[in-house]
Amino acid sequence: MKQYSVLLAGVVVLMLISASCNSEKSKELVKKETTLQVPELSIQFDNKIDSIIALMTLEEKIGMLHGNSMFANKAVERLGIPELTMADGPLGVREEISRDSWAPAGWENDFATYYPAGGGLAATWNPELAHLFGNSVGEEARARGKDELLSPAINIIRTPLGGRTYEYFTEDPFLNAKMVVPFIVGVQQNDVAACVKHYAVNNQETNRDYVDVLVDERTLREIYLPAFKAAAIDAQAYSFMGAYNKFRGEYLCENSYMLQDILREEWGFQGIVISDWAAVHDTKKSLEAGTDIEMGTPKPFNEFFFADPLVQAVEQGEISEAEIDKHIKRILRVMFNLKTIDGIGQKKGSINTEAHFRDAYEIAAESVVLLKNDSGLLPMKMEGVQRIAVIGNNATKKNALGGYGAGVKTKREVTPLEGLKNRLPEGIEILYAEGYSERYAENEKAKFGDITLSGPVPINELEPELIEEALEAVRSSDLTIVFAGSNRDYETEASDRASLDLPFGQEALIEKVLEIDPNAIVVVIAGGPFDIQHVSEQSNALVWSWFNGSEGGNALADVLLGTVNPSGKLPWTMPKKLKESPAHATNSFPGDDSVTYEEGILVGYRWFDTKKVEPLYEFGYGLSYADFQYGDLVTDQQEYAETDTVYVNLDVSNLSNMDGKETVQLYVSAENSKVERAAKELKAFTKSLIPAGETIRLPLSFKVKDLAYYNVDKKAWEVEKGTYKLLIGASSRDIRGEATITVN
């Protein structure tokens, strides 16, 4: 079992003995690192697997290479080989569906915990919670008898319009990797394989079935592959999902450069590659490129490319049976590692439990981002408050199900309104008014029918009776909270949004409410960025939350009331204007039959900082009810060799009377580089609880080799010699301290 060291919040203690010590003594460190035990894909069963394969018929082998139901391949019962069962899982284990259609199976025992979406998890900036999430959902998948959890989804957020931004993690490859590894480890500790998706450069829903993504090699290596590489090497992921799109002219499920040269040969991946549903287009090319299992819909299972056509290809000598055996061996290797074949010692798991609801709460509570808090309106001051106006459809909207894509059938989803009712002191009356209604243009058939490439089209005219009801509630109340934003019907798989505008006339509603109560608290619930510049300018208290799971309403109420001090940080950049985001500033989204990533390595905050474009809210941004003061940044040395690790420490003081968690972020700027570099890149972070009135010494570290860029000519990573500036801050723009090091 492989060990993988991660810096987990509240667990790691790494102290430099003395900044004034000499170079040798400064390396004396007191360490207490949490080490994840990484379940590796063992080859100890290979001899047994070979003997089983020798007993199989060609038809039995090929039955294992394609879907025989919507979420399983075919069993070989006479040899004791069960189906390899799968379940969607970004928000939790999906309800059971019919074997031959997407219709619900109608089970009464397939309820599951609804966990915060990937954006919410990423906003915690807490690898410990990523591991908690993975372990918790892994227990649920195991309890449902699932061998494969089709999660996590880790594609880089390239455009703020992305329909699956809510599901993906971040715009930054380093943060992605640091959150993804513990998540995968947590899942696989439960004898469940994580299926990492969507490999790779699958960064838009528009034309996703066929768009040819053209990206230069350095950008591919530095931006779009690091999290997948970490998943394969550091987390030892058992499976990857091949994406729909093309890459440099070839579909990803038949792209030998991506599946063979990089994934298997460079990274040493020994697991299985499963196609996205209906992402295979050619029998021979896909199989020989490295796809192991073809899944899909809607044609009969025997007509899949890896079904009857594959039998025919072998019989005609186009594909060797030895090639078939190679893929069967990979599948059986995963199944033996999961203890699926004999079941001996396999974990039992648990599902839909109070413990798992608590896990969902812990993640949600650390994900909420405080964007603005002028005049200290938050946490809410309840003295003298007798009546609260709660305005907005999002106060009651549920998001466990909805839209196009995987949801969760859950017995518990606490809405924001329910959370407030659960948490407010007794005797306080809540006046709820819908304010706006969620409506879509009928001719687009966007809500429940075919979803357009530009996304569901909202009706943005407010209804007079709803407006008047809302404003009357505001006039009659001592305190107002407006819930706005989006939902999973509007942000959805299979389509990208047409704009960043708040839907359903919400901006006009918020403006009218603020005219009556300038101190109204505005809460935005969404998965991806929206244009909230006008709302931000007008409001004094602004909070961002997510599609935040079974306990999301309780967690949000606890933040608003101050039971929980907000500690979420944005995992992506929120632009002032869509045109200022890199993919749009370069006019390279969405493309047509092909799309060229013209911005290169300058994705997300790298673009905004390098091009000196001011965002509305920057990457890593998030306020607290506490007041944190940063001390001086100190490094253990001034000069480093390429094989060294850079150790950094600084003191952070909590000057308030409220405990709080702070995420300290370390960015690095390459001085006088001979190649294009971003103005700064995230290289380390740590999240720690800092008690009220106390000062904590916080450690950060990174390897000098992490400063490398990908040298295309040499086809290798290269660390430039010279000076580097270390920037410590509370966000990518709120820099609190600097230091300079030299790499010799």
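Just above, that's the structure.
If you're wondering where the values come from, they're calculated on a predicted model, not measured in any experiment.

Caption draft 1: Seen up close, the sheet that holds strand β14 (residues 387–391). Here six strands make up an open sheet; going across it, the order is β13-β18-β17-β16-β14-β15 and the pairing mixed. With one partner strand each, in any of the chains shown, β13 (369–373) and β15 (429–433) form the two edges of the open sheet. Strand-to-strand, the axes of this sheet are offset by a mean angle of 20 degrees, without reference to chain direction. In terms of strand pairing, β14 meets strand β16 (residues 479–485) through four bridges, oriented parallel. Following the sheet pairing, I388 is matched in β16 by L479. Running over the sheet, helix α15 (residues 506–516) touches β14, β16 and β17 (521–525) and is turned about 170 degrees from β16. Against the sheet, helix α17 (residues 552–561) makes contact with β16, β17 and β18 (541–545), and its axis sits at roughly 150 degrees relative to β17, the strand it touches most.

Caption draft 2: Expanded view of the pairing of strand β12 (residues 272–275). Burial along β12 is two-sided: the face carrying I272 and I274 and the face carrying V273 and S275 are both buried. Across four bridges, strand β9 (residues 239–242) lies against β12 in parallel orientation. Across the sheet, the residue bridging to M241 is I274, located in β12.

Caption draft 3: Focus on α15. Here α15 has its buried residues at Q506, L509, I510, V513 and L514. Buried residues in α15, looked at end-on, bunch into an arc of 130 degrees, giving them a common side. Contacts from the buried residues of α15 go to β14, α14 (464–475), β16, β17 and α16 (533–538).

Caption draft 4: Representation of the sheet that holds strand β24 (residues 660–670) within the structure. On the basis of which strands lie adjacent, the open sheet formed by five strands has the order β22-β30-β29-β24-β25 and mixed pairing. Each having just a single partner strand, β22 (639–640) and β25 (681–690) make up the two edges of the open sheet. By the bridge criterion, nine bridges tie β24 to β25 in an arrangement that is antiparallel. The residue of β25 that forms the bridge with K661 is L689.

Caption draft 5: Focus on α14. In this model, α14 (twelve residues) spans 16 Å end to end at C-alpha, consistent with the 16 Å of a helix rising 1.5 Å per residue. Those residues of α14 lying buried are L466, I467, A470, L471, A473 and V474. Considered in projection along α14, the buried side chains sweep an arc of 155 degrees and stay on one side of the axis. Exposed and facing more than 90 degrees away from the buried side of α14 are P464 and E465. Packing partners of the buried residues in α14 comprise β14, β15, β16 and α15.

Rules and cut-offs
Residues numbered from 1 in each chain as written. Predicted model: local features only at pLDDT ≥ 70, side-chain atom pairs only at ≥ 80, totals over all residues. Heavy atoms only, no water. Pairing = 2+ DSSP bridges. Helix = DSSP H or I, 4+ residues; strand = E, 2+ residues; numbered from the N terminus. Axes fitted to C-alpha atoms, helices over the stretch in contact; angles between N-to-C directions. Contact = heavy atoms within 4.5 Å. Buried < 20%, exposed > 50% of the residue type's maximum accessible area, 1.4 Å probe, protein only. Arc of directions from axis to C-beta. Expected span 1.5 Å × (residues − 1).

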